[in-house]
Protein chains: 2
Amino acid sequence: MNNKPTPGVRFKENRAEIAVWAPHAKKAAIVLNDGNMLDLNPKDHGYWVLNTPALRPGDGYRFKLDGGEPLPDPASLSQPDGVHGASRAVDLHQFNWTDTGWQNPDLEQYLIYELHTGTFSQAGTFDGVAEKLGYLKDLGVTAIEIMPVAQFPGGRNWGYDGVFPYAVQNTYGGARGLAKLVDACHQHGIAVILDVVYNHFGPEGNYMGSYGPYFTGKYHTPWGDALNFDDAWCDEVRHYFIRNVLMWFRDFHIDALRLDAVHAIKDFGAKHILKEIRENVDELMAQTGRKHHLIVELDLNDPIFIDPAEKRGYGMDAQWIDEFHHALRVTAGEKRDGYYSDFEGIAHLAKSYNSAYVYDGIYSPGRLKTFGAKANDNPGSQFIVFSQNHDHVGNRMLGERSSKLFSFEMQKLMAGAVMVSPFIPMLFMGEEWAEPNPFQYFVSHTDPELADAVRKGRKAEFASFHTEEEAPDPQAVETFNSSKLQWDLLNKEGHRQMLGFYQALIRIRKQLPALATLNRKNLKTIVNETEKTLLLQRWHGGQSVFCLMNFSDGERPVSFPENAACSIVLNSADTEWNGPGRAAAGYIRPQSIIIYESSNV
Amino acid sequence: MNNKPTPGVRFKENRAEIAVWAPHAKKAAIVLNDGNMLDLNPKDHGYWVLNTPALRPGDGYRFKLDGGEPLPDPASLSQPDGVHGASRAVDLHQFNWTDTGWQNPDLEQYLIYELHTGTFSQAGTFDGVAEKLGYLKDLGVTAIEIMPVAQFPGGRNWGYDGVFPYAVQNTYGGARGLAKLVDACHQHGIAVILDVVYNHFGPEGNYMGSYGPYFTGKYHTPWGDALNFDDAWCDEVRHYFIRNVLMWFRDFHIDALRLDAVHAIKDFGAKHILKEIRENVDELMAQTGRKHHLIVELDLNDPIFIDPAEKRGYGMDAQWIDEFHHALRVTAGEKRDGYYSDFEGIAHLAKSYNSAYVYDGIYSPGRLKTFGAKANDNPGSQFIVFSQNHDHVGNRMLGERSSKLFSFEMQKLMAGAVMVSPFIPMLFMGEEWAEPNPFQYFVSHTDPELADAVRKGRKAEFASFHTEEEAPDPQAVETFNSSKLQWDLLNKEGHRQMLGFYQALIRIRKQLPALATLNRKNLKTIVNETEKTLLLQRWHGGQSVFCLMNFSDGERPVSFPENAACSIVLNSADTEWNGPGRAAAGYIRPQSIIIYESSNV
């Protein structure tokens, strides 16, 4: 860890340590809520600092550069009045943690539940999440992944429009609310993954440009100029994000970060920013004795991101595998357009079981270029798979979950396909009871022009689709409200059985060593493209598990394993799971999965 | 090697194999010089091909897309009428090679002489170069490096404004002239390095955009949009450059390529284009049994470019080390502005002897960021050093060579400093006789507006320098002519002795195993910053060589090696080299180098 000041306000021995980076300013001051103004002192590399007892925890403040308008702190920990308001000083030491006995499990033990705080509960707060921890523990997941909580404009947003990476969304419950939730998770034996966005800032309330060269025109991203990770002054921008990582782990006891779309982090320098984050996290772990994981969303199929430093990798612990999702959904009947166009169904699903990446150095017709490299030596615990997530649900015009797109039986098959994989499974909130509500794209910009632009952009994006229906208005409160989970469905017919099926799947995955051990070498697939069946065999020690998946609409003969003494561990067609009941011996129902166990192999 | 067609025209069994990539065209045809037009046939990935006896070697031709204007071939081998004229078909098999006995030496044996074909000889042609091969052999260099020869606008250009990477500049002698020169070099035991530009196209005569997406707006470079190495359709752009590499090696018997400014090649894909070039060259070498080297100009100080594939490197054989040049020249008295501002003189020179990279992960005040990584495990033969080159001479407003900027004694010291390094030395044409003519920036654009813009740009660039003098007009023929070498100086007083000194230096470097063996581990430096002296010790087997360099203006005591029995191998102050003569025993003259040999260490 370098000795640059931590950006923002920290409290030590009843004094505030204030630091802000403004390399082009000639003068910098902090403006207190009572109107008093204190000059900051210039330091190396463009930092301005002050150690003062005049700012107290809970006080509002802003910074003033060269006599300009007072602005919120780029490293604000709290924005009680939203993105345009004053920042509020927070003493991160004031929370009383009760999780001293907590030990973050290895990634291999992770079973992830992705949730959006605003729509997970009726309250839409961290407290609302905390109320359901007992439920999640019973479900069997071992980690929740919280969609981004960095302060965004208004109260309704997926979180990817955050503009204060250090501030926890005020409407969710702020820093204290998040700390309370993490503490409660640890009491329930649940790890916490936080989704963080280091590749762009949202379009409203981004005051970074007034402070310094946080962005560079060297690279284009879908959101405009790239964050400056390798241009002049990048050391300080890198420092800003590295300290942000360390804050979540050290001060909020977060167990793992999920770094959004790291392919949009452009860094041609000799040390990639992710590698530097890794080194800093390693140092922190050595200091505290606690374990933390770094997970990335990555659309490059390049194992350099997840390989360890010894292999010149950036050392990320795991990455999302969207290609498994795409292959699975096309196999299940999803229309092959947009990003699904590159996926051929069941052969690609089998490839993903075997190779994680489908495009691992082969030509991608969708991208019009050869894409990816092989990741054959990376353990299964480095790959996170799912049959739906916020993105692939919410990026549909109507935000339909699988429950609205696939039959009840197919939903169970898809869940099974994820759960028997040699990778880390992730659920998207509500899928375990086939929540019928959509998860739509919603915002609450306070700038009316921007709100209008987003609304129009969304309409234009879907102009050529679903002509019979209209894209929901992202700015409308109803779009947000209709995306909330309906917890009262939990005990309703169908939903109850789906939940039971998920619980059974999770229990089986944990109990059978052949499934729980994420050894990619002990794995075989047999695909029948005509019959649309896939047999996945995994083994560990003396145990072998055969997972037979029938994605077709017809019954199929079970043609394996000819000489093994197998017993059925789970059959998704069972009436217990609201299915049609088992097929005759030697057959598998349409759209179903059977898991067999054998100890004779 | 993939099975995509080789771009351009190749002859096989008296038929022309024609291929052009134009993925967005609906129709493509070749227009022959007699006005006849033949349709090309569409192939996968946007190629258009034709196999025909109608086009003969020597015939002119152009391509016509969708009925538009006929345009020259992007992979033209010959542009007899310049960049805007028709292309001419060339049969690359027609040259009678006489170099069957030639073996390209290992890089460790390279001693490079960089030359610009247009200004090296009065004729300004490949034949003009060939005439001096006896001279170069006597000088002792083992390789010439030819500045880019890809067809550029007009007849006067450094070569970095090339727009036909496959066509050899017509005014130099074209493809046949180059082949003849290479053959002659090999007869003289001299290897040939060709400078190639894969990071941009020149501003005039670039028809690439009419054919396909050769460029991408994803990245900015100093020349505008970057060449497309990782965006949609990049496979075909990569193929275009890979085949270009293979052509130089296979069809022109080029021994090594020097790839211009590879830091401006932007490729975030899972397989870097340089790595793919390496793989293709390896395949070619396995086929032919010939050896070829890949050298890069690199301003990133990142050894991933030169590390082998086993270390996940891109596998380039060697790179230029501009930082050695900068450190050396600041030590010799160069003013610390522009790119020299980051260099502190003698300590940095010593660092470069030890570490190759000066900025190897430390903060660079000039770049305002931490820069580089360590390259401690790379052999000395991977680094090319020099005290001047075309860039650092020609980028000065007046293009002065060292001869105009440093004393005669200092020039000898600088030459010595390069020649005793554990790296590969490179000379810039004429420095070996202290050529007083400048090497200025010159162009000969045929577009008057562009010529004017370049003229104005050059003036503006130097507006704040040397206010007493004017930037020479790049478009003026005198600027070009005054940059030519004056071979008649060779026997003149001063020049003759400088040449003798270079010959002696080169001979000593080759003869002493401690110098010839580029082992970076057997090396020690002792710096005295106050006295401005540097002692470089290198050893091999039982031999040790001590190189004492005095960059100061005063005599300095020789305080080493106290107990070793050393003999002086070379003293740059000797009258033989037009120096002031040796200092008294135990002293070294100002601005001089003494090389001692000892076999007792």
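An unreviewed UniProt entry lists chain A under the name Malto-oligosyltrehalose trehalohydrolase, from Mucilaginibacter oryzae. Taken verbatim from the UniProt record of chain A, the Sequence similarities (unreviewed entry) comment is "Belongs to the glycosyl hydrolase 13 family." Taken verbatim from the UniProt record of chain A, the Subcellular location (unreviewed entry) comment is "Cytoplasm".

It is not clear to me how the overall build of chain A should be interpreted in this structure. Could you clarify?
From N to C terminus, chain A includes 16 helices and 29 strands. Against the compact-globule benchmark of 25 Å for 601 residues, chain A has a radius of gyration of 25 Å, which places it among compact chains. Taking contacts inside chain A between residues at least 6 apart in sequence as the whole, the part at least 24 apart equals 72%. Summed over all atoms, the accessible surface of chain A reaches about 21,700 Å², with 48% contributed by carbon and sulfur. With 58 positive and 75 negative side-chain charges, chain A shows a separation of 2 Å between the mean positions of the two kinds.

What is the right way to read the pattern of salt bridges from this model?
As a working rule, side chains carrying opposite charge can pair if their charged atoms are close by. Per the counting criterion, the structure on display carries 66 salt bridges over all chains. Where D307 of chain A meets R312 of chain B, a salt bridge forms, and the shortest distance between an N and an O atom there is 2.6 Å. Here D307 of chain A, found in the loop between β17 (293-296) and β18 (318-320), pairs with R312 of chain B, found in the loop between β17 (293-296) and β18 (318-320), and the two come from separate chains. Judged by relative accessible area, D307 of chain A falls into the buried class, the value being 6%. Here D337 of chain B makes a salt bridge to K335 of chain B, at a shortest N to O gap of 3.6 Å. By relative accessible area, K335 of chain B is classed as exposed at 61%. A cluster of three or more residues bridged by salt bridges with shared partners is formed by E145, D195, R258, D260 and E297 of chain A.

Would you take a moment to explain helix α15 (residues 495-511) of chain A for this structure?
Each turn of an α-helix holds 3.6 residues, which means side chains three or four residues apart point in the same direction. Between the first and last C-alpha of α15 of chain A there are 24 Å, a value that for 17 residues agrees with the 24 Å anticipated at 1.5 Å per step. Where α15 of chain A is concerned, the buried positions are H495, Q497, M498, L499, G500, F501, Y502, A504, L505, I506, I508 and R509 of chain A.

Would you take a moment to explain the packing of aromatic side chains for this structure?
When we look at a pair of aromatic rings, we describe it by the centre distance and by the angle of the planes. Residues and elements named next belong to chain A. Enumeration over the complete set of coordinates arrives at 72 aromatic pairs over all chains. Over the ring of W320 we find R258; its NZ or CZ atom is 4.0 Å from the centre of that ring. One cation-aromatic arrangement involves K412 over F501; the distance from NZ or CZ to the ring centre is 5.9 Å.

So what exactly am I meant to see when it comes to the relation of the copies chain B and chain A here?
The second copy of the chain is related to the first by a rotation about an axis and a shift along the axis. Taken as rigid bodies, chain B and chain A are interconverted by a rotation of 180 degrees and an axial shift of 0.0 Å, the fit giving an RMSD of 0.0 Å. These values place the two chain copies in the arrangement generated by a two-fold rotation axis. Residue Y219 of chain B of chain B places its C-alpha closer to the rotation axis than any other residue of that unit, at 2.4 Å. Comparing contact sets, 100% of the residues at the interface of chain B also lie at the interface in chain A, consistent with an isologous, same-surface contact.

Explain helix α12 (residues 408-419) of chain B to me, please; I cannot follow it from the model alone.
Its 12 residues give α12 of chain B an end-to-end C-alpha distance of 17 Å, which sits within 8% of 16 Å, the value for a rise of 1.5 Å per residue. A large share of α12 of chain B lies buried, amounting to 11 of its 12 residues.

What's the story with the side chain of N199 of chain A in this structure? I'm lost.
Residues and elements named next belong to chain A. With respect to the helices and strands, N199 occurs in the loop between β13 (191-196) and α5 (208-211). A distance of 2.5 Å separates the side chain of N199 from the side chain of H200, its partner in a polar contact. In this structure the side chain of N199 is engaged in a polar contact, spanning 2.8 Å, whose partner is the backbone oxygen of D260. Excluding residues that lie within four positions of it along the chain, N199 makes contacts with W223, L227, D260, A261, A264 and I265.

Would you explain the sheet that holds strand β22 (residues 424-428) of chain A in this entry?
Strand pairing in a sheet is mediated by backbone hydrogen bonds. Such pairs are either parallel or antiparallel. Residue and element names in this part refer to chain A. On the basis of which strands lie adjacent, the closed barrel formed by eight strands has the order β9-β10-β13-β16-β17-β18-β21-β22 and parallel pairing. Mean inter-strand twist for the sheet, computed between neighbouring axes without regard to direction, equals 25 degrees. Across the face of the sheet, helix α6 (residues 234-251) comes into contact with β13, β16 (256-259) and β17 while running at roughly 145 degrees to β16.

What is the right way to read the pairing of strand β29 (residues 592-598) of chain B from this model?
Each regular strand displays side chains that alternate between the two surfaces of the sheet. Residues and elements named next belong to chain B. Burial of β29 is extensive: six of the seven residues sit out of reach of the surface. Pairing between strand β25 (residues 543-550) and β29: seven bridges, direction antiparallel. By the bridge assignment, N550 is partnered in β29 with S592. One ladder, built from four bridges, connects strand β27 (residues 567-571) with β29; its direction is antiparallel. Of the residues in β29, the one forming a bridge with L570 is I595.

What counts as what
- Just so you know, the residues in each chain are numbered from 1, in the order the chain's sequence is written.
- Here chains are named by letter from A upward and ligands by number from 1 upward, in the order in which they appear as written.
- Local features in this predicted model are restricted to residues of pLDDT 70 or higher, and side-chain atom pairs are both shown and tallied only at a pLDDT of 80 or more, whereas totals for entire chains, interfaces and linings draw on every residue.
- Each side-chain value is derived from all of the structure's non-hydrogen atoms; neither hydrogens nor water enter the calculation.
- UniProt positions are given in the numbering used here, feature names are shortened, and annotations may be inferred rather than shown by experiment.
- By the criteria applied, helices consist of DSSP H or I runs no shorter than four residues and strands consist of E runs no shorter than two, each listed in order from the N terminus.
- For the radius of gyration, the atom set is restricted to C-alpha positions; the globular benchmark scales as 2.2 Å times the number of residues to the power 0.38.
- Contacts are assigned to residue pairs that have any heavy atoms within 4.5 Å of one another.
- With residues, only the protein chains shown are counted as cover, and all accessible areas are computed by Shrake-Rupley using a 1.4 Å probe.
- All tallies of charge rest on Lys and Arg as positive and Asp and Glu as negative; His and the ends of each chain are not included.
- Note on charges: their place is set at NZ of Lys, CZ of Arg, CG of Asp or CD of Glu.
- Note on definitions: salt bridges are taken to be side-chain nitrogens of Lys or Arg within 4 Å of carboxyl oxygens of Asp or Glu.
- Accessibility here uses a 1.4 Å probe with only protein chains present; expressed as a share of the type maximum, an area under 20% marks a residue as buried, one over 50% as exposed, and anything in between as partly exposed.
- Expected helix span is given by 1.5 Å per residue-to-residue step, counting one fewer step than there are residues.
- Ring geometry is summarised as follows: Phe, Tyr and Trp rings, the Trp one being its six-membered ring, pair when their centres sit within 6.5 Å, and such pairs are stacked at plane angles under 30 degrees, edge-to-face over 60 and tilted between the two.
- Whether a charge sits over a ring comes down to the Lys NZ or Arg CZ being within 6 Å of the ring centre and within 35 degrees of the ring normal.
- The copies were overlaid with a least-squares fit restricted to C-alpha atoms from residues scoring a pLDDT of at least 70 in each copy.
- Two N or O atoms form a polar contact when they lie within 3.5 Å of each other; inside protein one atom must be a possible hydrogen donor and the other a possible acceptor, and for residues adjacent in sequence the pair counts only when both atoms belong to side chains.
- Here the rule is simple: two strands pair whenever DSSP picks up at least two bridges between them.
- A fitted line through C-alpha atoms represents every axis, and for helices the fit uses only the stretch in contact; the resulting angles, taken between N-to-C directions, go from 0 to 180 degrees.

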